[in-house]
Amino acid sequence: MEWTLSCATANNTSPVTDYVGSNADRGLSINLFEPNTDHAAGDQVGKVSLGDIDISDDGRYLYIVNLYDRHLYKIDLQDPLDPQVPTSNEVERFEIPDLGTISNTDGDGEHRPWGLKFYRGKLYVGVILSGQDANGHRVSSITANGNGADLRGYVVVFDHITEAFSGTPAIDFDFNYGRERPWIP
């Protein structure tokens, strides 16, 4: 049976198309020695396709973050030693919490789930607040030295037994520290 990961349009994504297109569609030259700027692809990085994947400790479940619809997918492989092609009822979808409402500061922007780590029966999901609003405009404060005072990172916990996310993040941190390159959303 064929199945696809959903690319729902009713989410809080900055305006970005889910259509990647060919080089010709994106206005890129076929001449290898001619410089190109792929503006569409630049905006789609971290917003379209898949993020991290991980497998449960027992090897039965594969977890995937869909960057476009911001959901966690759980795929039942049935047998870790002889994984089976999943049917549609063996693929579950869970909404990753929007942490913008948890933050103490305004203007943190869109939540972007990405990382996964299954550890001791729990799945840890890394999420950042991008510093962009739903229209792609910068909303975080960027200080003179390039620190993103309002940019935040979180780790939320998904309990695979209850199939629910914890109410508060396990880790909550800002990006207000020195670095070689400034944060510019």
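Being a predicted model, the structure only gives us computed values, none of them experimental.

Enquirer: Just checking my understanding: could you explain the sheet that holds strand β1 (residues 50-55) for this structure?
Expert: Two pairing modes exist for strands in a sheet, parallel and antiparallel, and in both the strands are linked by backbone hydrogen bonds. A sheet is described by the order of its strands in space; here 4 strands give the open sequence β1-β2-β3-β4, paired in antiparallel fashion. The sheet is open, and its two borders are formed by β1 and β4 (91-95), each paired with just one other strand. On average, each strand axis in the sheet is tilted by 20 degrees relative to the strand beside it, whichever way the strands run. Pairing of strand β3 (residues 71-76) with β4 involves 5 bridges; the strand directions are antiparallel. Note on β4: the bridge partner recorded for lysine 74 is glutamate 92.

Enquirer: In this structure, what is going on with the nonpolar core? I would like to understand it.
Expert: In globular proteins that are soluble, nonpolar side chains generally tend to be buried together. If you look at the biggest cluster of nonpolar residues, it comprises 18 residues, and the most contacted ones within it are Tyr63, Leu72, Leu123, Val125 and Phe165. Broken down by element, the residue count for this core peaks at 4 residues, all from strand β6 (residues 122-129). If sequence neighbours within four positions are ignored, phenylalanine 165 has contacts with Leu72, Phe94, Glu95, Ile96, Pro97, Val125, Val156, Val157 and Phe158. Listed in part, the 5 residues of the second largest apolar core include Ile64, Tyr73, Ile75 and Val91.

Enquirer: Please explain the pairing of β1 as it appears in this structure.
Expert: Look at any regular strand and the pattern is simple: side chains alternate between the two faces of the sheet. Here 4 bridges tie β1 to strand β2 (residues 61-66), and the two strands are oriented antiparallel to one another. Residue pairing for β2: aspartate 54 is matched across the bridge by tyrosine 63.

Enquirer: Sorry, what's going on with the packing of aromatic side chains here?
Expert: Centre distance and the angle of the planes are the two values used to describe a pair of aromatic rings. A complete count under the given rule lists 4 aromatic pairs for this structure. Ring centres of phenylalanine 94 and phenylalanine 158 lie 4.8 Å apart, and the angle between their planes is 55 degrees; this geometry places the pair in the tilted category. A residue pair is termed long-range when its members are at least 10 positions apart, and phenylalanine 94 in strand β4 and phenylalanine 158 in strand β7 (residues 148-159) qualify at 64 residues. Residue class for phenylalanine 94 comes out buried when judged on its relative accessible area of 12%. A residue is classified by how much of its surface remains accessible, and phenylalanine 158, at 0% relative accessible area, is buried. Here a set of aromatic residues connected by ring pairs shows up, and it is made of Tyr63, Phe94, Phe118, Phe158 and Phe165.

Procedures and definitions
Residues numbered from 1 in each chain as written. Predicted model: local features only at pLDDT ≥ 70, side-chain atom pairs only at ≥ 80, totals over all residues. Heavy atoms only, no water. Pairing = 2+ DSSP bridges. Helix = DSSP H or I, 4+ residues; strand = E, 2+ residues; numbered from the N terminus. Axes fitted to C-alpha atoms, helices over the stretch in contact; angles between N-to-C directions. Core = buried A, V, L, I, M, F, W, Y, C linked by side-chain atoms within 4.5 Å. Buried < 20%, exposed > 50% of the residue type's maximum accessible area, 1.4 Å probe, protein only. Contact = heavy atoms within 4.5 Å. Phe/Tyr/Trp six-rings, centres within 6.5 Å; stacked < 30°, edge-to-face > 60°.

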